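Residues per chain are reported as follows:
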Amino acid sequence: MGRLFAIEIVYRGIFQKNLAKNISRGIVLAARHAGKTGISFGRYGDSPERNGIPAKNFAIVATDDETLQEGMAKYEPREVDITIAVDDTLCKGVESWAWYGLQPINRLLKPGGTLLVTTMHDFDAIISMCHRKDYPYQLALLRGIPSFSGLWVYKDDHTDVRVLGAIARVLPDLFDLDAVEKAIREEWNDDLKVASARKAADRLRTRVVLPTEGNPEKPYAFELPRWYELREGLSIPAIPVGQGVADPVTGQVGGFRPARNPTFKKFSTRTMRPVVDFDKCVKCTLCWLQCPDSCFDVTPDGYYDAHMEACCGCGVCEAVCPVEHCITMVNETAFTDNRSQWEMWKQDKDAYRAWVQDKIRARPPRQHGFRIRGQYVEEIQQLVAAGVVDRSLGERLAEDVTAEPGEASAGG
Amino acid sequence: MDAVETALPTQQLEQIKGVKKAPLEEYFTSGHRTCQGCESALVMKLMVKAAGPRTIVLGSTGCMYVANTTYYSTSWVVPWMHTQLGSSGSAGLGTAAALRVLMRKGKIKEEPINVIAFCGDGGGADMGLSAISAALTHPQYNFLILLYDNESYANTDIQLSGLTPYGAHTTFSPPGKMKRLLHTRWKKNVAGMLAAGHPECRYVATVCASYAVDFMNRVRKALSIGGPTFIHSLDPCPKGWDYDPMLSHELGELAVETGVWPLYEVENGVLKLYGRTKAIAEKRARRKPVREYLIRQGRFAHFTDDDIDYFQAKVDEMWEKWLIPGVIPFRKELEQDRPPV
Ligand SMILES: Cc1ncc(C[n+]2csc(CCOP(=O)(O)OP(=O)(O)O)c2C)c(N)n1
Ligand code: SF4
Ligand code: SF4
Ligand code: SF4
């Protein structure tokens, strides 16, 4: 039997759908130029994809057809050589559309395999988010801001080819940079992209992560009933209605906390979260009323406390809050827990104020998708200025926004 | 035979006077698998918040079924049942009728129970339209059909529906080099059509969840007035419309402020514009240019200025030439249009 390579691309559903497809397709094309054979596909269970909810694509490559056949017919490989996270907040864990519980980002990694993350952070910040593993693995960091765009308008900031370049560096047995170059010329025929891929391979930073390092928490999981244990009529128990909230200082109970679906928490959908400055809140109710995820608990003293097990980080609350800097969306990587902000505030207002200021200062702006025409062209100009995207061979910014037809997929 | 039977009493739900009076309880709660910033999820939340605990919800296949009730998992607090894609009309009517039978036979306590059947634009405006129309001709049953309109078959990754706006990029209408616009038909006017064509239907309204209190009050009015009723909600969909989810609320407002989505209700045959739409019609507010609405959405990213102008002209026509602005599409015999001979 020949050698089998498995690579998974973990991405934010829809926002990075085209990006993930380009990467997994690019891997297989490059592998072909290295004399191998392969296939690229998405996981059926992730479809229909939703904005922001983690999803996966796979590239399975083999040295011969028979080995490929053997490795292919799986819902999801049992182990992978490389896990690619094209958004660093995914390192906190993955709760996919189609399953229950949180999967560590490195769950499928083989001993000695590589976790490749596109990020602006350093090793320590990424390692502290990733769950611990029993054996050492390699962490590779590719510098760059996460490339988010929507379903129709693709933001071509070269993240796809930069990832291909990085793979050539961490797994040379799969393909080398020359194979990557050939694949890029075949697929895009673009010198700039070739330059970006080579530069990425050059600049990639790697380090081994030991079993003593990383987030020690046990990811949550659920025992679900078997099909023969389902209730008559395939009925599902409803969620109980909620109850009052207890004030951590006075013990007074009031307001309302809705009960929540215990088997799907949604916070791994989040790339940023709201930070509420309760001193500024005028209790207008808008955040509570307009949150599509019913995240806000109403406290006994009439404040609105975004519950971090339910918040998917859409940012609607920040957008509707009428008071300036009262709700601020902050990058999810700035947090290590899901504590109640209102309780923190009640317990120690000065400490809370300092905490808020600290978080807001550390807030790298993050955008999902399309906001206005011409937006991506501007963003890419900034990336060029920062040296993340290589434009040394000439400026062609008008072509950066391409409206590519997405692919249809069935579901439901 | 039972055509003369009188209807059961409905729940009398008071109008909500301001945001502070909105009920605290959620009957559709967190942990659904919709997109970030999904306004249709907000519609579900506001719909049952207004209706209260004695409510049965029937969900037609689509995002709001698939994303809210995946294997052994739900976000519903009130009883909920899945019904087929084109069946919201039949399911609403059938459930209302079944409740009456159970009460008449003494199998359950006699009390007003709200029945709400929801459907997407594909399920409601295309394949389920005939069943909805049929259901709205049965005056002796109390139920509400709520059409949540994200302007595409969103669950199956954005196919064109009869309610997809002119020119939008969908899986079935990708813009290309030869043809920049593949979809050049104008959106159906479902609420207007149902209001005009169903004299037995005592309440039809259009709503938008960006105006939450107005929204909940339309739901309450529909449920209190009894008989078969219909509400059409326009729901910004960050996935299909392709915009930053943070803009969901703003896009709902822009749809109304640009006049693309007029807010009105037809109560016992009497038409009333309300909210921002009323202010625009009475010239207390100005209609914003549709450009502001279109340029924020990736599905219109391929539009040229000419396309935007055309869109604007069609919306202007709705407001200036329709018999009732934005509601009834028959043209007035405007003198300047067709001078009498
Ligand atoms: C009769 C039938 N045809 C096709 C499907 C596949 N299907 C599942 S959801 C869906 C889209 C429904 O679109 P819409 O009613 O607009 O609701 P949305 O998904 O936009 O919420 C389709 C076509 C189905 N379930 N039943
Ligand atoms: S970001 Fe705000 S509006 Fe969005 S889910 Fe979280 S709490 Fe709700
Ligand atoms: S929207 Fe802002 S001001 Fe209004 S209740 Fe929420 S946090 Fe307070
Ligand atoms: S596709 Fe649109 S309607 Fe469906 S869950 Fe996503 S935002 Fe909501």
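The structure displayed is predicted, hence computed values, not measured ones.

Rules and cut-offs
Residues numbered from 1 in each chain as written. Chains lettered and ligands numbered in written order. Predicted model: local features only at pLDDT ≥ 70, side-chain atom pairs only at ≥ 80, totals over all residues. Heavy atoms only, no water. Helix = DSSP H or I, 4+ residues; strand = E, 2+ residues; numbered from the N terminus. Rg over C-alpha atoms; globule rule 2.2 N^0.38 Å. Buried < 20%, exposed > 50% of the residue type's maximum accessible area, 1.4 Å probe, protein only. Near = heavy atom within 4 Å. Nonpolar A, V, L, I, M, F, W, Y, C, P; charged D, E, K, R; others polar. Expected span 1.5 Å × (residues − 1). Contact = heavy atoms within 4.5 Å. Buried area = accessible area lost by both parts, 1.4 Å probe. Salt bridge = Lys/Arg side-chain N within 4 Å of Asp/Glu carboxyl O. Polar contact = N/O pair within 3.5 Å; in protein donor to acceptor, adjacent residues only side chain to side chain. Pairing = 2+ DSSP bridges. Axes fitted to C-alpha atoms, helices over the stretch in contact; angles between N-to-C directions. Parallel < 35°, antiparallel > 145°, perpendicular 65-115°, else oblique. Left-handed = near helix turned anticlockwise from the far one by under 90°. Core = buried A, V, L, I, M, F, W, Y, C linked by side-chain atoms within 4.5 Å. 1 Å grid on protein atoms, 1.4 Å probe; cavity = no way out; pocket = protein on both sides within 12 Å on 5 of 7 lines; lining within 4 Å. Points joined across faces, edges and corners; volume = space filled by probe spheres on them.

Caption draft 1: Fine view of the overall build of chain B. Assigned secondary structure in chain B consists of 12 helices and 10 strands. Over its C-alpha atoms chain B spans a radius of gyration of 20 Å, differing by no more than 12% from the 20 Å that the globule rule assigns to 341 residues. Expressed along its principal axes, the backbone C-alpha trace of chain B runs to roughly 65 × 55 × 40 Å. Taking all 341 residues of chain B together, the buried fraction comes to 65%.

Caption draft 2: Focus on the site of ligand 2. Taken together, 13 residues lie around ligand 2, and Cys291, Cys311, Cys314, Gly315 and Cys317 of chain A are the ones closest in. A per-class count over the shell around ligand 2 returns 10 nonpolar, two polar and one charged.

Caption draft 3: Main features of helix α3 (residues 88-104) of chain B. All names here are of chain B. End to end, α3 covers 24 Å across 17 residues, agreeing with the expected 24 Å (1.5 Å per residue, within 8%). Among all positions in α3, only Ser88, Gly89, Ala91, Gly92, Leu93, Thr95, Ala96, Leu99, Arg100 and Met103 are buried. Looking at the buried positions of α3, the neighbouring elements they touch are β1 (55-60), β2 (80-83), β3 (114-120), α5 (129-135) and β4 (143-149). Gly106, located one to two residues past α3, shows a positive phi value of around 75°.

Caption draft 4: Highlighting the interface of chain A and chain B. The partner chain B presents 70 residues to the 83 residues of chain A that form the contact. Across the chain A/chain B interface, buried area totals approximately 6,000 Å², and carbon plus sulfur atoms make up 58% of it. Remark: the boundary between chain A and chain B carries two salt bridges. As a salt-bridge pair, Asp244 of chain B and Arg371 of chain A come within 2.8 Å of each other at their nearest N and O atoms. Linking chain A with chain B are 38 residue pairs in polar contact (both at pLDDT 80 or more). Of all the secondary-structure elements, those providing two or more residues to the side of chain A that touches chain B are β10 (253-257), α7 (286-290) and α8 (316-320) of chain A. Considering every element that reaches the side of chain A that touches chain B, the biggest residue donor is α8 of chain A, with four residues.

Caption draft 5: Examining the sheet that holds strand β6 (residues 137-143) of chain A more closely. Residues and elements named next belong to chain A. One open sheet accounts for seven strands, arranged β2-β3-β1-β4-β5-β6-β8; its pairing is mixed. The open sheet has two edge strands, β2 (37-42) and β8 (205-209), and neither has a second partner. Strand after strand, the sheet turns through a mean of 20° between neighbouring axes, direction not considered. With six bridges joining them, β2 and strand β3 (residues 54-62) adopt antiparallel strand pairing. Across the sheet, residue Gly42 finds its bridge partner in β3, namely Asn57. Across the sheet, helix α1 (residues 17-33) is in contact with β1 (4-12), β2, β3 and β4 (80-85); its angle to β3 comes to roughly 5°. Each of β1, β2 and β3 touches helix α2 (residues 65-72); the most contacted strand, β2, lies at about 20° to it.

Caption draft 6: Just the packing of α1 of chain A against helix α5 (residues 177-187) of chain A, in detail. Residues and elements named next belong to chain A. The interhelical angle for the contact between α1 and α5, taken along N-to-C directions, is 120°, at an axis separation of 8 Å. As summarised for this structure, α1 and α5 are arranged oblique, according to the angle between their axes. The element α1 and its partner α5 pack so that their crossing is right-handed. Contact residues: Arg25, Gly26, Leu29, Ala30 and His33 in α1; Ala179, Val180, Lys182, Ala183, Glu186 and Glu187 in α5. Partitioned by chemical class, the residues of the contact of α1 with α5 number five nonpolar, two polar and four charged.

Caption draft 7: Inspection of unusual backbone geometry at higher detail. Residue and element names in this part refer to chain A. Across the junction of Ser47 and Pro48, the peptide omega takes the value 0°, indicating a cis bond. Positionally, Pro48 belongs in the loop between β2 and β3. The phi dihedral of Asn189 falls on the positive side, at around 50°, and the residue is not glycine. Tracing the backbone through its elements, the reader meets Asn189 in the loop between α5 and α6 (191-203).

Caption draft 8: Quick peek at the nonpolar core. By size, the foremost hydrophobic cluster in this structure holds 114 residues, and its most contacted members are Met47, Leu146 and Phe215 of chain B. With nine residues, the top contributor of residues to this core is helix α1 (residues 39-51) of chain B. Residues within four places of Met47 of chain B in sequence aside, it is in contact with Val57, Trp76, Ile116, Phe118, Leu146, Phe215 and Val219 of chain B. If you look at the next biggest cluster of nonpolar residues, it comprises 40 residues, including Leu142, Ile167, Ala168 and Ala200 of chain A.

Caption draft 9: Structural detail: the pattern of salt bridges. All names here are of chain A. This model, assessed by the stated rule, comprises 54 salt bridges over all chains. Taking the shortest distance from any N to any O, the salt bridge between Lys56 and Glu8 comes out at 2.8 Å. Remark: Glu8 occurs in strand β1 and Lys56 occurs in strand β3; sequence separation between them is 48 residues. Exposure remark for Lys56: the relative accessible area of 3% places this residue in the buried category.

Caption draft 10: Spotlight on the sheet that holds strand β6 (residues 228-234) of chain B. Residue and element names in this part refer to chain B. Pairing within the open sheet is mixed, and its eight strands lie in the order β2-β1-β3-β4-β6-β5-β7-β8. Looking at the sheet topology across the chains shown, the edges are occupied by β2 and β8 (270-273). Strand-to-strand, the axes of this sheet are offset by a mean angle of 15°, without reference to chain direction. Those strands touched by α3 are β1, β2, β3 and β4, and its axis lies near 170° from that of β3. Each of β3, β4, β5 (203-207), β6, β7 (264-267) and β8 is contacted by helix α7 (residues 212-225), which is oriented at about 170° to β5, the strand it contacts most.

Caption draft 11: A look at empty space enclosed by the protein. Residues and elements named next belong to chain B. Taken as a whole, this structure holds six cavities of 30 Å³ or more when the rule is applied. What the largest cavity holds in volume is close to 180 Å³. As for the largest cavity, its lining consists of 22 residues, of which Pro9, Ile113, Asn114, Val115 and Asn142 are closest to the centre. Elements with a contribution of two residues or more to the lining of the largest cavity: α3, β3, β4 and α7. Per-element tally for the lining of the largest cavity: the top contributor is α3, with four residues. Across the lining of the largest cavity, the residue classes tally to 13 nonpolar, seven polar and two charged.

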